[in-house]
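# Architecture at a glance
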Amino acid sequence: MALDLSTHSQRREERILHQPIFLQEILAQLVQPGARYVDGTLGDGGHAKALLAASDEQSKLIGIDLDTEGHARAKQELLLFGERVQIAHNTFANIDEVVKQAGWESVTGILFDLGMSTHHLQAERGFSFKNQGVLDMRFDPTGTILLPEPTEIYLKRIARKISAYTAKDLLNNLHEDELADLLLTYGEETFAERIAGGIVQERRNGDIDSVPQLTQIVLRAYPGSKRHGRIHIATKTFQALRIAVNREYETLQIAIKKSLEILASGGKLAIISFHSGEDRIVKHRFRQAAQSENFTLLTKHPIKPTFQEVKSNSWSRSAKLRIIEKNKSK
Ligand SMILES: C[S@@+](CC[C@H](N)C(=O)[O-])C[C@H]1O[C@@H](n2cnc3c(N)ncnc32)[C@H](O)[C@@H]1O
């Protein structure tokens, strides 16, 4: 079925829905007759809607998202597909369980469009330094879905005390060297130590709990000459905390492993990443699967957005798409 993409994106603009990236590339790779899709990062349902609209009536989709606040918008977007769609409040690290619960034996196409949606940037939940709000940053606002065990020892310690910890919990409970390590590991922040020092100093006046408070700490820690670069100086600090809070690297590793297991013969896994840390995980695991397991890499080099896509959707600027296929049984 042909899809009118211009009308589609105009409608999204009016309703400020998340604008899906690499739509044409994903449709070209994942759509097949009688498909069983899992959109592991359903968001506002943009990719899911396009996938189903481009597929036959027998095709079905399970949408997973940790953020219950987005479910209503996605449901609305996908209403016309009726029972061909199921929505699950879960982490995509549990993709195997979700698929099993739906009674599916395998999946023909899986998509992970990592990170935040437009909704998170607008919400006052700590994701964006441009907003007011509390320093929460959990994708799951209910805190009820069990996330994978964090890798870092200091995060394991916090997780034992507060299982669904927030950014505020990390900022107020980690030691200075641990904060510096977190900012370096997950944010590749050059001034990690100075920012960690600033956080500990600020804590002497009481808990750090607001977005502007953290942004000010970063600003004070940055040397004057470095304050006006291409990206906002608080970007890496906010990114690092979000990755740690949501255990994004641990989740991705588990999810890729499980996805490769549940793919049908000829099934494909597509992942859109937005920064080097997550792209490295995808690149290495896909390469390994193509070298020593029964898979073919469909993107030797990642697909990057066209000039046109970046122009119409600046969010796509740093996006990379990698796709792998389970070899067809002979
Ligand atoms: C970039 S948005 C996806 C947008 C979506 N493709 C669309 O077209 O609207 C990423 C979504 O993944 C969700 N998410 C992040 N980590 C998750 C996880 N571990 N499990 C399930 N959903 C997750 C976020 O809540 C967010 O809604």
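Note that this is a predicted model, so its numbers are computed, not measured.

### Some remarks on the pairing of strand 4 (residues 107-113)
- With respect to burial, strand 4 is a largely interior element, seven of its seven residues being buried.
- Summarising the sheet, strand 1 (residues 36-39) and strand 4 pair through three bridges and their orientation is parallel. The partner of Val-38 across the bridge, within strand 4, is Ile-110.

### Some remarks on the site of the ligand
- Taken together, 24 residues form the shell around the ligand, and within it Asp-44, His-47, Asp-65, Phe-92 and Asp-113 come nearest.
- With respect to the ligand, the side chain of Asp-65 contributes an N or O atom lying 2.7 Å from an oxygen atom.
- In the model, a nitrogen atom of the ligand is placed 2.8 Å from a nitrogen or oxygen of the Asp-113 side chain.
- For the ligand, whose unbound accessible area comes to 600 Å², protein coverage reaches 98%.

### Description of the domain arrangement of the protein
- Annotation of the protein at the domain level lists domain 1 (21-119 + 249-326) and domain 2 (149-246).
- The partner domain 2 presents 10 residues to the nine residues of domain 1 that form the contact.
- Summed over the shared surface of domain 1 and domain 2, the result is one salt bridge.
- Across the salt bridge formed by Glu-188 and Arg-280, the nearest N and O atoms sit 3.1 Å from each other.
- With three residues, helix 13 (residues 248-262) is the single largest residue contributor to the side of domain 1 that touches domain 2.
- Of the residues contributing to the side of domain 1 that touches domain 2, the split by class is two nonpolar, four polar and three charged.

### What about the packing of helix 9 (residues 176-187) against helix 10 (residues 192-203)?
- It is the contact of helix 9 with helix 10, at a shortest axis distance of 8 Å, that shows an interaxial angle of 135°. Of the possible angle classes, the one that applies to helix 9 and helix 10 is oblique. Judged by the sense of rotation from one axis to the other, the crossing of helix 9 with helix 10 is right-handed. The segment helix 9 lies against helix 10, with Glu-176, Leu-179, Ala-180, Leu-183 and Leu-184 engaging Ala-192, Glu-193, Ile-195, Ala-196, Gly-197, Ile-199, Val-200 and Arg-203.
- In terms of residue class, the contact of helix 9 with helix 10 is made up of nine nonpolar, one polar and three charged.

### Looking at the pairing of strand 2 (residues 60-65)
- Of all six residues making up strand 2, five are buried, and the element is well covered by its neighbours.
- Summarising the sheet, strand 1 and strand 2 pair through four bridges and their orientation is parallel. Residue Tyr-37 lies in a different strand from strand 2, and its bridge partner there is Leu-61.
- As for the winding sense of the linkage, the β-α-β connection from strand 1 through helix 3 (residues 46-53) to strand 2 is right-handed.

About the criteria used
- Residues numbered from 1 in each chain as written.
- Predicted model: local features only at pLDDT ≥ 70, side-chain atom pairs only at ≥ 80, totals over all residues.
- Heavy atoms only, no water.
- Buried < 20%, exposed > 50% of the residue type's maximum accessible area, 1.4 Å probe, protein only.
- Helix = DSSP H or I, 4+ residues; strand = E, 2+ residues; numbered from the N terminus.
- Pairing = 2+ DSSP bridges.
- Near = heavy atom within 4 Å.
- Polar contact = N/O pair within 3.5 Å; in protein donor to acceptor, adjacent residues only side chain to side chain.
- Areas by Shrake-Rupley, 256 points an atom, 1.4 Å probe, with all protein chains shown as cover.
- Domains from an automatic or database assignment.
- Contact = heavy atoms within 4.5 Å.
- Salt bridge = Lys/Arg side-chain N within 4 Å of Asp/Glu carboxyl O.
- Nonpolar A, V, L, I, M, F, W, Y, C, P; charged D, E, K, R; others polar.
- Axes fitted to C-alpha atoms, helices over the stretch in contact; angles between N-to-C directions.
- Parallel < 35°, antiparallel > 145°, perpendicular 65-115°, else oblique.
- Left-handed = near helix turned anticlockwise from the far one by under 90°.
- Right-handed = clockwise from strand over helix to strand, strands pointing away.

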